[in-house]
Amino acid sequence: MAEYFYPFDSGAGTTVTSTQWSHMTSMWQTDGVRAPRTGEPDPLGATATGQDMTITLAPGHATVQGHHYHADAPQNIVVSPNTGTTPRTDRITVRLDRTAQRIAVAYLTGTPAAKPLPPALAQGQDGIMDVPLVRITVAPQTGAIRPADVIDERVFTLTQAVYANAGARLAAPEMPVPGKIAYLQDEQRLELRTESAWVPLSPGPWNPLPLPHDVKAHGGNPSWRIVNGTVELSGSVERKDGKDFNPADSWLLATLPPAAQPHYLRSFICATSRNDNTNNSIRVDVTSNSDPYPGQLQAMVLSPVRWIYLDAIRFAVDTTPPPPRNGGWDEISKAAYEAAAKAVQEASRYAQEAARKAAEEAANSGKPPPDPKNDPDKDSMPVARHLISIARREVGYHEGRNSDGHWNNQEKYAPAAPGLEWAQGQAWCHTFVSWCFQQAGAKSLAPVTASCSDGVEWFKQRNQWSDYPMIGGVVYYGDGGGEHVGICIAYTDDEITTVEGNTNDTGSSEGDGVYLRTRPRKSDRIYGYGIPTYPEGVVLADPLRQGQKGVVFFAHQADEQDIPAGRNTASSGSSGATGGGFEPFPGEAWFKSEPTSPIITAMGRRLVAEGCGAYQQGPGPDWTDADRESVRRWQKKLGNSPEYCDGWFGPKQWDALKVPRVSK
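Bear in mind that the values here come from a model prediction, so they are computed numbers and not experimental data.

Chemist: An account of the overall build of the chain is requested, with residue identities and associated values reported.
Modeler: The secondary structure content of the chain amounts to nine helices and 32 strands. Across the 664 residues of the chain, 47% fall into the buried class. Considering only residue pairs separated by 6 or more positions, the chain has 57% of its internal contacts joining residues 24 or more positions apart. Roughly 31,600 Å² of accessible area belongs to the chain as shown, and the carbon and sulfur atoms make up 51% of that amount.

Right, dumping it as structure tokens:
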């Protein structure tokens, strides 16, 4: 047996090899960049001016496998140009090369791709070890690296733990430093310092899970806690009204507090139970802390379920922000998505089997089977409502994946949209919108394009553009409207609800599927709205368009139920609700009784559509002075003499307005 001891000033311990020294150092110093001391510059921090292709690294120290690195002056690193047509992701590292017996800064070049991945870090292969410093997005044909293209990847060395109390730990020496461990003496537990917070390393207490107004606990007191840096949920939930969670909507189950919100969207397969005690599984998503509605537990069920169990939800507390999306996809558990896909496939199999049985029963009864491609009410349904129903049915659809599990922009809409077949494999948000209009038989009402910028220009050239939301309107996002697009299906004073393709739960403009989104109405990200001229009339919130022919005005909020009935009610002399007839004349005395009735709403919409509306807001079901003034304008438009323009309908004036039937 041999014994070794070092370092000493004399004797056998004076000779120390590199292997011995690095082994000794690695026992008290982990790999990474040495954290800054007070007054020091950001150690090995990377900056870019946005004027050229240069990245500047600040001076600093780093440790790699017990070996020390020190740069005493700034270093300029020139990024290689990207001559391709797709973006590239590069890296800068501190690299240990045991064969060459040295440590130096290394520049690693990635491969251009639609959704590029950074070059892999060497982790001991051939004696080489990388400690990451920075990730760089290199746009195609660019001549400058912007500050936003530079993503910090440094990991700081984990040195000795410190003793502190919760109220004093921020003032402890060199605190707070990411990676630092503090032992809280009063609480007798450990915490880890991340970039922005202290994360418990020892079990914390169970905390009540905040539930929305329409959801209550089913059992187990829905709760959350953090154990060794992992968020855990428990319990089960149900609807307060006792009804099932149904497949028509996305359900908000709970909202996690900031301490338990992840940096990435998380997906989980959770157990459920139905009234008949049948068990199945659904997917529950937890939105990221950068989402407009962070920390939400959202469920999309495939069949009606009574209870949803949360015990399967476990995820690590993130200590670093997510990497740039470049392609827009999220780092979500592949296993969870595969399980969700399997559940969807299973549900589809059941649905197909049910459809087959229904077709057989119809054949045996002598009736033709229903055509799933056609909406049975589409001929009588308003165009805008038909369009929205088509878009809604696509919610939950996802694009394909590459062999490595990453989303690949391969989808079903481009091949099925005449004129856009070439767009397969490209960003497809506007392709989806164009497909919806084509499926609704309304391709002339919106541009057939895969380009958001071209879509904006198409609407503006036709003077069909507004800063205000519209039901069935095409909403554009980003600088000049060129970033992303969706279909608006509802709005309030504060929010809009949309159906969008090529997005995800965080609202990305380059996502993975078709989602139902709720966004702040006054967000700077919303550029404006294209206004399709639906034949049944237009429902929107633009006060400048009030009273225009074909416009039904709703000042504050509206949804698809506010779309006028029938396909032709917006034009003068229209036929109203197809197949439903018109409202018979209620009598002059009925109007003078100042009634409250849906007939008044339908009447007001027809008056607005004919350019006779005098409404500041509405119209609504209550008879008001604005209704009478609108009737007076209609009487004048018909050419009646002044004595017959008193604001009270006569039978011929009423019949000429052709109010769609709303009464039974």
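Don't stop here, the text continues.
Chemist: Outline empty space enclosed by the protein, supporting the account with residue identities and numerical values.
Modeler: What the rule picks out here adds up to one cavity of 30 Å³ or more. In this structure, the largest cavity occupies an estimated 30 Å³ of space. Each residue belonging to the lining of the largest cavity can be placed in one class, and the counts come to four nonpolar, three polar and no charged.

Chemist: Describe the sheet that holds strand β5 (residues 67-71), and please don't skip the residues or the numbers.
Modeler: With antiparallel pairing, three strands are arranged side by side in an open sheet as β1-β4-β5. The sheet terminates laterally at β1 (32-33) and β5, the two strands that pair on one side only. In terms of strand pairing, β1 meets strand β4 (residues 60-64) through two bridges, oriented antiparallel. Each bridged residue has a counterpart across the sheet, and for Gly32 the counterpart in β4 is Thr63.

Chemist: Summarise the pairing of strand β16 (residues 215-227); cite the residues concerned and give the values.
Modeler: Pairing between strand β15 (residues 207-208) and β16: two bridges, direction antiparallel. Bridged to Pro208 within β16 is Ser223. Counting the residues that bridge the hairpin from β15 to β16 gives six residues. Sheet analysis places β16 next to strand β17 (residues 230-239), joined by nine bridges and oriented antiparallel. Across the sheet, Ala217 pairs through a bridge with Val237, a residue of β17.

Chemist: Lay out the packing of helix α3 (residues 383-393) against helix α4 (residues 429-439) with the relevant residues and their values.
Modeler: As a packed pair, α3 and α4 sit with axes 9 Å apart at the nearest point and diverge in direction by 130°. By the angle class used here, α3 and α4 are oblique. Where α3 crosses over α4, the handedness of that crossing is right-handed. Side by side, α3 and α4 meet where His386, Leu387, Ile390 and Ala391 of the first sit next to Phe432, Trp435, Cys436, Phe437 and Gln439 of the second. Among the residues making up the contact of α3 with α4, the classes are represented as seven nonpolar, two polar and no charged.

Chemist: Give a detailed account of the side chain of Arg545, specifying residues and quantitative values.
Modeler: Take Arg545: it is sitting in the loop between β30 (538-540) and β31 (551-553). From its side chain, Arg545 meets the backbone oxygen of Trp465 in a polar contact 3.2 Å long. Not counting residues within four places of it along the chain, the set of residues in contact with Arg545 comprises Asn463, Gln464, Trp465, Ser466, Ile531, Leu540 and Val551.

Chemist: Mind laying out the pattern of salt bridges, listing which residues take part and the relevant values?
Modeler: Side chains that differ in charge, positive against negative, can pair when their charged atoms come close. Counted according to the given criterion, the structure contains 22 salt bridges. Salt-bridge contacts for Lys412 lead to Glu394; the nearest nitrogen and oxygen are separated by 2.8 Å. Of this pair, Lys412 sits in the loop between α3 and α4 while Glu394 is found in the loop between α3 and α4, placing the two residues 18 residues apart along the sequence. Owing to a relative accessible area of 38%, Lys412 belongs among the partly exposed residues under this scheme. Glu394 sits in the buried class, given a relative accessible area of 11%. In this structure, the salt-bridge partner of Glu610 is Lys637, at a minimum N-O distance of 3.1 Å. Separated by 27 residues along the polypeptide, Glu610 in the loop between α7 (598-609) and α8 (625-637) and Lys637 in helix α8 bring together distant segments of the chain.

Chemist: Explain the pairing of β5 to me, using residue names and the numbers behind them.
Modeler: What you see with β5 is a clean split: His67, Tyr69 and Ala71 sit on the buried side and His68 and His70 on the side with no burial. Alignment of β4 against β5, held across five bridges, turns out to be antiparallel. What sits directly across from Ala62, in β5, is Tyr69. In this structure, the hairpin formed by β4 and β5 is closed by a connection of two residues, where Gln65 is found at a positive phi of approximately 50°.

Chemist: Report on the confidence of the model for the chain, specifying residues and quantitative values.
Modeler: Chain-level statistics for the chain give a pLDDT mean of 79 and a share of 78% at 70 or above. For the chain, the element scoring lowest by mean pLDDT is helix α2 (residues 334-365), at 48; strand β25 (residues 474-477) scores highest, at 95. Per-residue pLDDT stays below 50 along residues 347-352; that stretch engages in one contact with residues further than four places along the chain or on separate chains. Across residues 362-379, where pLDDT falls below 50, the model places 11 contacts with residues more than four positions away in sequence or in other chains.

Chemist: Tell me about the environment of Pro208, and name the residues and values.
Modeler: Secondary-structure assignment places Pro208 in strand β15. Take Pro208: its relative accessible area is 67%, and that puts it in the exposed class. Each C-alpha atom, one on Pro208 and one on Leu233, is 9.9 Å from the other, the two residues being 25 residues apart in sequence.

Chemist: Give me α4: which residues, what numbers.
Modeler: A large share of α4 lies buried, amounting to 10 of its 11 residues. All of the buried residues along α4 are Cys429, His430, Thr431, Phe432, Val433, Ser434, Trp435, Cys436, Phe437 and Gln438. Buried positions along α4 lie against α3, α5 (452-461), β25, β26 (484-491), β27 (495-503) and β28 (513-520). Taken from the residues just after α4, Gly441 is the one with a positive phi, measuring 70°.

Chemist: So what's going on with the sheet that holds strand β2 (residues 46-47)? Which residues, and what values?
Modeler: Hydrogen bonds between backbone groups are what pair the strands of a sheet, and the pairing can be parallel or antiparallel. Ordered in space as β2-β3-β6, the three strands form an open sheet in which the pairing is antiparallel. Each edge of the sheet is formed by a strand with only one pairing partner; in this case those strands are β2 and β6 (75-78). Direction of pairing for strand β3 (residues 54-57) relative to β6: antiparallel, over a ladder of four bridges. Bridging across to β6, Thr54 finds its partner in Val78.

Chemist: For the environment of Arg661, give the residues involved together with the corresponding values.
Modeler: Mapped onto the secondary structure, Arg661 falls in the segment after α9 (651-657). Along the chain, Arg661 and Ala602 lie 59 residues apart, while their C-alpha atoms are 8.2 Å from each other.

Chemist: Outline the packing of aromatic side chains, supporting the account with residue identities and numerical values.
Modeler: Per the counting criterion, the structure on display carries 20 aromatic pairs. On the basis of an interplanar angle of 80° and a centroid distance of 5.3 Å, the ring pair of Phe245 and Trp251 is categorised as edge-to-face. Residue Phe245 shares its accessibility class with Trp251, and that shared class is buried. Aromatic side chains Phe268 and Phe315 sit 6.2 Å apart centroid to centroid with 35° between the ring planes, which places their arrangement in the tilted category.

Rules and cut-offs
- Residues numbered from 1 in each chain as written.
- Predicted model: local features only at pLDDT ≥ 70, side-chain atom pairs only at ≥ 80, totals over all residues.
- Heavy atoms only, no water.
- Helix = DSSP H or I, 4+ residues; strand = E, 2+ residues; numbered from the N terminus.
- Buried < 20%, exposed > 50% of the residue type's maximum accessible area, 1.4 Å probe, protein only.
- Contact = heavy atoms within 4.5 Å.
- Areas by Shrake-Rupley, 256 points an atom, 1.4 Å probe, with all protein chains shown as cover.
- 1 Å grid on protein atoms, 1.4 Å probe; cavity = no way out; pocket = protein on both sides within 12 Å on 5 of 7 lines; lining within 4 Å.
- Points joined across faces, edges and corners; volume = space filled by probe spheres on them.
- Nonpolar A, V, L, I, M, F, W, Y, C, P; charged D, E, K, R; others polar.
- Pairing = 2+ DSSP bridges.
- Axes fitted to C-alpha atoms, helices over the stretch in contact; angles between N-to-C directions.
- Parallel < 35°, antiparallel > 145°, perpendicular 65-115°, else oblique.
- Left-handed = near helix turned anticlockwise from the far one by under 90°.
- Polar contact = N/O pair within 3.5 Å; in protein donor to acceptor, adjacent residues only side chain to side chain.
- Salt bridge = Lys/Arg side-chain N within 4 Å of Asp/Glu carboxyl O.
- pLDDT = per-residue confidence, 0-100.
- Phe/Tyr/Trp six-rings, centres within 6.5 Å; stacked < 30°, edge-to-face > 60°.

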